[in-house]
Amino acid sequence: MADHLDVRRGVYHDSVSLLQVSRRVADVDGVDKALVAMATELNLDVLASMGFAVPDAGPNDLLVAIRTDDDAVLEAARAEVDAALAASQGTGSAGFGDAPPPRTVAAAVRAGDVDLALVSVPGEHAFVEAMDAVRAGVSVMVFSDNVPVEQEVALKTAAAEQGVLVMGPDAGTAIVSGVGLGFANVVRPGPVGIVAASGTGAQQLTCLLDDAGIGTSHVLGVGGRDLSAAVGGRSTQQAMAALDADPATEVVVVLSKPADPTVAAEVRRVAEHLDTPVVFALLGPDAPDLTAAAAEVATALGREAGEPAQWPAPTDRPGPYTELRGLFAGGTLRDEAMVIAAAALEAPVRSNIPLADDLALTDGLDTPGHVFVDLGEDEFTLGRPHPMIDQRLRLERLAAEAARPGGRVVLLDVVLGHGAHPDPAAELAPAIADAIASGEDLAVVVSLCGTVGDPQDRDRQAAALVEAGASVHLSNAAAARTAVQLAGGRA
């Protein structure tokens, strides 16, 4: 195999776009490896781990690395890079005679009618860019992760002084006035405003509400640490106030992974003084799941939630199976399913993000017994896009589970919407069919997070997965309980 390595000096593209570009280039027939990324320290390490020579490049340079032994394939891959990069660019570049494009966030704010900035740069540079936006007087969504918590506190304190909102860091999902940012589903407009310290949690709740005919006014992602003791719910409280003042919002939902108890109590106290009713969906071992939260929202609006959509497997595979194996792309979906499984199975449930220290994996992904893995964690995404975009690791894992002796049920999530894989069932369905056909005794349950308006066509995705032999559930909690029953647990 021959390596092609191109360093494009001073060329910038955001990380979300580059994840998609890398995926498109890697999919070109004949390409063995591909990485299109900014030359940050982390990405240079990734490049080295892929076996490429590391060039003299810095965070302001764009890397294009392609491995193939066919010149025609290389040309096709290069063309795919250029086409994908062109498609990802906006219209900000200036033509002859035009004013030069802004060089800073604040300059961009001053140049137009702007009230929200999105920052997606390497984490070590995010604070400067986000603070520039805050000081320019606009709210900011910080998609970047790896931002130190003390910088997050400083940003949110400054934002409160300016009367603007900081969403993030590590805010992957938002919907502002009907416009989806990051990973977001196509949902109907409506009366529910969501403050979300969880990206996939927000996607699951908006999809459940959309399925029940209930629309969303805004989803304000505040970052997964906002309800921690260190951050103190700063953005959550500001976002609640903003939604309380929004005439289109009739119910506010505060959604988070397990929150610090003191911070949660303070947020609940603040909610008591709002004019708009607030529903809390703070996940945890003794808390209602997101499907129950969706039903509570419907009740608060005086409506019936109904049962979320589900698509039964074509063949009854009753079990019981000796192992439950969860292969998740969404961290909150894994958390919710694992809590349900841990309460219903009379055996340890192990994970790379365990509920207790003594429940960590003992042999990596081959750890025996009931296992729930978040494949979106850094340990699995080094050198490859997130599994919501790139399913190769999950396809490999499905085959590995089928090859192990004994019977088991595999539970996995499929997240649709903008930013996600354009057609996940096209890859997953054949892999599921092969796993069921080749495995000693294997059942597959899918949690499908999506809406009928999503570009991937939710119902077509469900039909393909069912045809492959899986049972499919819109409700992640219902999928988890179905898998638990197959594994002999309490319903």
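See the structure above.
Here, residues in each chain are numbered from 1, in the same order as that chain's written sequence. In keeping with the predicted nature of the model, local features appear solely for residues at pLDDT of at least 70, side-chain atom pairs appear and are counted solely at 80 or more, and the whole-chain, interface and lining totals rest on all residues. Note that the side-chain values use all heavy atoms of the structure and ignore hydrogens as well as water.

Visitor: Quick rundown of the overall build of the protein chain? Include the residues and the values.
Guide: When helices and strands are counted, the protein chain shows 16 helices and 19 strands. Note on method: radius of gyration uses C-alpha positions; expected globular size equals 2.2 Å times residues raised to 0.38. Taking 491 residues into account, the globule formula puts the C-alpha radius of gyration at 23 Å, and the protein chain, at 23 Å, falls close to it. Once the C-alpha set of the protein chain is aligned to its principal axes, its extents read approximately 70 × 65 × 40 Å. Between buried and exposed lies partly exposed: a residue is buried under 20% and exposed over 50% of the maximum accessible area for its type, with that area taken using a 1.4 Å probe on protein chains only. The burial tally for the protein chain puts 53% of its 491 residues in the buried class. In the protein chain, the share of contacts with a sequence separation of at least 24, taken over all contacts with a separation of at least 6, comes to 73%. The Shrake-Rupley method, run with a 1.4 Å probe, gives the accessible areas here. Residue values count only the displayed protein chains as cover. Carbon and sulfur atoms provide 51% of the accessible area of the protein chain, an area that totals close to 20,500 Å². Counting rule applied: Lys, Arg positive; Asp, Glu negative; His and chain ends not counted. Throughout, a charge is located at the NZ atom of Lys, the CZ atom of Arg, the CG atom of Asp or the CD atom of Glu. The averaged location of the 68 negative side-chain charges in the protein chain is 1 Å from the averaged location of its 32 positive side-chain charges. Helix numbering and strand numbering both begin at the N terminus, where a helix is a DSSP run of H or I of at least 4 residues and a strand a DSSP run of E of at least 2. It only takes one pair of heavy atoms within 4.5 Å for two residues to be counted as in contact.

Visitor: Please give an account of the sheet that holds strand β2 (residues 33-38) that cites residues and values.
Guide: In a beta sheet, neighbouring strands are held together by backbone hydrogen bonds and run either parallel or antiparallel to one another. Here three strands make up an open sheet; going across it, the order is β1-β3-β2 and the pairing antiparallel. Taken across any chain shown, the strands that pair with only one partner, and hence form the sheet edges, are β1 (2-8) and β2. Between one strand axis and the next, the sheet turns through 5° on average, direction left out of account. Strands are treated as partners if at least two bridges between them are detected by DSSP. Relative to strand β3 (residues 62-68), β2 runs antiparallel, the two sharing six bridges. When the sheet's bridge partners are listed, Lys33 is paired in β3 with Arg67. Where helices are involved, their axes are fitted lines through C-alpha atoms of the stretch in contact, as for all axes, and angles between N-to-C directions lie from 0 to 180°.

Visitor: Break down the packing of helix α7 (residues 199-211) against helix α10 (residues 290-300) for me, with residues and values.
Guide: Contact pair α7 / α10: the axes reach a minimum separation of 9 Å and the direction vectors enclose 50°. One element, α7, and the other, α10, form an angle in the oblique class. As α7 runs across α10, the sense of the crossing is right-handed. Between α7 and α10, the contacting residues are Gly201, Gln204, Leu205, Leu208 and Leu209 on the first element and Leu290, Thr291, Ala294 and Val297 on the second. Gly is put with the polar residues, along with every residue not named as nonpolar or charged; the nonpolar set is Ala, Val, Leu, Ile, Met, Phe, Trp, Tyr, Cys and Pro, and the charged set is Asp, Glu, Lys and Arg. Residues of the contact of α7 with α10, tallied by class, amount to six nonpolar, three polar and no charged. When an angle is under 35 degrees it counts as roughly parallel; over 145 it counts as roughly antiparallel; between 65 and 115 it counts as roughly perpendicular; any other value is oblique. By definition, any crossing whose near helix is turned counterclockwise from its far helix by less than a right angle is left-handed, and any crossing with a clockwise turn is right-handed.

Visitor: Tell me about the environment of Ile432, and name the residues and values.
Guide: Within the secondary structure, Ile432 sits in helix α14 (residues 424-438). Residue Ile432 is classed as buried on the basis of its relative accessible area, which comes to 0%. Distance from Ile432 to Ala470, taken between C-alpha atoms, is 7.4 Å for residues 38 residues apart in sequence. The residues contacting Ile432, other than those within four sequence positions of it, are Leu398, Val444, Val446, Leu465, Ala468 and Ala470.

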